[in-house]
Amino acid sequence: MSTTPRHDLERIGLRIAAEQDRALDGTPSPDADLLLAGVVTRRRRHARRRAAMVTIGGALVVLLGVLGAFRLAPRSELAQGGEARRAVAVTAAQPALGTTTAEEADVPLAFVDGTRVVVTRGATADLRDVQAHGATIALRDGTLDVDVVHTSESRWDVVAGGFDVHVTGTRFDATFDAKSGQLTVAMKQGSVRVTGPCVDEPLAAPATKTFACPSSLRAEPQTVTPESLPLARPSVPSPPVPSSRTPSGDPKGAPLAVAPPAPKPPGDDAVLEKGSAAEVLALGDEARLAGDAGRARAAYVRVRARFPRTEQAAKAAFLLGRMAEAGGALDEAVSDYAAATSESPGGTFAQDALGRTMEIEQRRGNGERARSLAEQYLRSFPSGPHASYARSIVDAAR
Amino acid sequence: MTQVLGPPPASAPPPFVSDEGPAALVRAIAENRPGAERMLVERFKVHVQRLLTRTLGPGPDVEDLMQEVFFRVFQRLHKVHPPDALPGYVTAVSVLVAREALRKRRRSRWLSFFASEDLAEIGGARGGAVDVPEDVRAFYGALGKVSAHAQLCITLRYVEGMGLEEMGAAMDLSLASVKRHLKRAEDDLVAILGDDELAVAPWLRGAVR
């Protein structure tokens, strides 16, 4: 059987991944507290650098202003002691970070790019993280009148109670009722995108819409007492990192053991039963990336049960197939890949699913089946990543 | 009107103890709930370590780079949209940090006029020898001869096993670009492995012939 360089690279990659997984399993991963300490050090360093740059920048601006004033004022005026134009230092004026409560009147926040946010009377908002081309404003209660100047790089966010209004250049009012957790966005100009625990949609002028998510999905602040904190859980043994690689005939590439399912953290149930398709898929992705195959599998199965015939269900099938293939359960992998391909024939992972199925069948010695799949692949994805391998199968069968 | 300058209000937010999904974690960090940042690090450290190891090969700087990854993740966490996209975002930041590290290594090699693949760097450790399997050293040694971007493409696809769509999201490339870059990287590596003049581990050369 002729192989392509790509196929050879896959075998090499599998071998390398297995070696690395063995090494990683044998040594503990860095302690989270140590990593966090490193993050804190970097934050301090970053803050010192920014402060230094602001100081230097401010000094340069003052210097340029002074030089400019000397250029503008004719020497004769200076010599005569006439009224010289004073240099005016222009410094960037941004509202300060922190909380603004408009108790008796509106409080306008004006930014150097011309963006204007008015905290209307009775409202409370936090200004967070001002960047070069935007900022984040957390609306705690009441109404903001937002007028963002559009540029190609504008990135503003108004966050309120789990919702996030993404703004690139527009005018709107955002009103958040802290008691009910409802956010009302009244568009005046342009468009925004509102995301939240149960929402992800655009909104354009002149629409006004109120968003509300079920309370079970909202992050409710909790009263913490010693009794309300959970008991220390036994540490979940972290299973061998499931390589997404397929075992080869190479003796070193023996199938990785499939780890026994780890106990499910209590919070998973809420997401699995009530979360959106995207949320449940994300839970599965997080578990898979963390090496918790059981938890990942549970999430992907739930996506398929709760949201059948959706793009997310097809993607979950593909990911289940990869996990099965990595664990050596090739029949299960083939079945999952078939589901991914049939449920979303035009999807990107359909290409991979079909290609991997073709390779599995070829490796298992099912030549006729592999050839049929190869022909199907070439019809559907003539320039796909598995195309040259598919061609080699078809050519070998002639 | 009252404008209070400074950090958020005096009443401390409750600690984050939930094991809910990524969206809840992102919200908790945005609300400055104690323990939330640590939870994020704990959840993703294995993944970040593996990804850096896959792309860079074994080396003493992985832990340092992990700190850099988490620093950048926290710095831009509020930009993650939707919040459920957290896992993909962590992956993308890890890939970005890996790419910068690969370029820095190549610049250092060029400046020091060393032509080799710096096996000492690959296998070295803090004051002691790290037992790096020969085939891993050979593979990353060969990868050291292609560009940083090519090494990234090869390792993400063939060692980490990413799909093309995943690679696109991680590298911020369109699907068409991913295919194009991957093809070029494969051709470059195969050409190197096929060049008899270059010192490459025999098993690696033989594997692609």
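Please read these numbers as outputs of a predicted model, since none were measured by experiment.

Student: Quick one: what's the story with the overall build of chain A, residue by residue and with numbers?
Tutor: The number of helices and strands found in chain A is 11 helices and 12 strands. Taking all 398 residues of chain A together, 43% fall into the buried category. Contacts in chain A between residues far apart in sequence, at least 24 positions, make up 44% of those at least 6 positions apart.

Student: Can you break down helix α7 (residues 148-159) of chain B residue by residue, with the values?
Tutor: Residues and elements named next belong to chain B. A rise of 1.5 Å per residue sets the reference length of α7, with its 12 residues, at 16 Å; its end C-alpha atoms lie 15 Å apart and thus fit the reference within 8%. Of all the 12 residues making up α7, 11 are buried; the element is thus mostly covered by neighbouring parts of the structure. Within α7 the residues assigned to the buried category are A148, A150, Q151, L152, C153, I154, T155, L156, R157, Y158 and V159. Just past α7, the residue G161 takes up positive phi, approximately 80°.

Student: Describe the packing of helix α2 (residues 36-56) of chain B against helix α3 (residues 62-75) of chain B, listing the residues and the values that go with them.
Tutor: All names here are of chain B. Taken N-terminus to C-terminus, the directions of α2 and α3 make an angle of 130°; their axes are 9 Å apart at the nearest point. By the angle between their directions, the pair α2 and α3 is classed as oblique. Crossing of α2 against α3: the hand is right-handed. The segment α2 lies against α3, with E37, L40, V41, F44, K45, V48, Q49, L52, T53 and L56 engaging V62, L65, M66, V69, F70, V73 and F74. Residues belonging to the contact of α2 with α3 are distributed by class as follows: 13 nonpolar, 2 polar and 2 charged.

Student: Go over the pattern of salt bridges, please, and point to the residues and values.
Tutor: Enumeration according to the criterion identifies 27 salt bridges over all chains in this entry. Here K188(A) makes a salt bridge to D145(A), at a shortest N to O gap of 3.2 Å. Here the residue K188(A) occupies a position in strand β9 (residues 182-189), and D145(A) occupies one in strand β5 (residues 134-147), the gap between them amounting to 43 residues. Given the relative accessible area of 36%, K188(A) is considered partly exposed. Its relative accessible area of 25% is what places D145(A) among the partly exposed residues. Among the ionic pairs, R364(A) bridges to D331(A), the shortest N-O distance being 2.6 Å. Taken together, the residues span a long stretch of sequence, with R364(A) in the loop between α9 (348-363) and α10 (367-380) and D331(A) in helix α8 (residues 330-343) at a distance of 33 residues. The exposure class of R364(A) is partly exposed, given its relative accessible area of 34%. Connected via shared salt-bridge partners are R42(A), D64(B), E68(B), R72(B) and E100(B).

Thresholds, definitions, all that
Residues numbered from 1 in each chain as written. Chains lettered and ligands numbered in written order. Predicted model: local features only at pLDDT ≥ 70, side-chain atom pairs only at ≥ 80, totals over all residues. Heavy atoms only, no water. Helix = DSSP H or I, 4+ residues; strand = E, 2+ residues; numbered from the N terminus. Buried < 20%, exposed > 50% of the residue type's maximum accessible area, 1.4 Å probe, protein only. Contact = heavy atoms within 4.5 Å. Expected span 1.5 Å × (residues − 1). Axes fitted to C-alpha atoms, helices over the stretch in contact; angles between N-to-C directions. Parallel < 35°, antiparallel > 145°, perpendicular 65-115°, else oblique. Left-handed = near helix turned anticlockwise from the far one by under 90°. Nonpolar A, V, L, I, M, F, W, Y, C, P; charged D, E, K, R; others polar. Salt bridge = Lys/Arg side-chain N within 4 Å of Asp/Glu carboxyl O.

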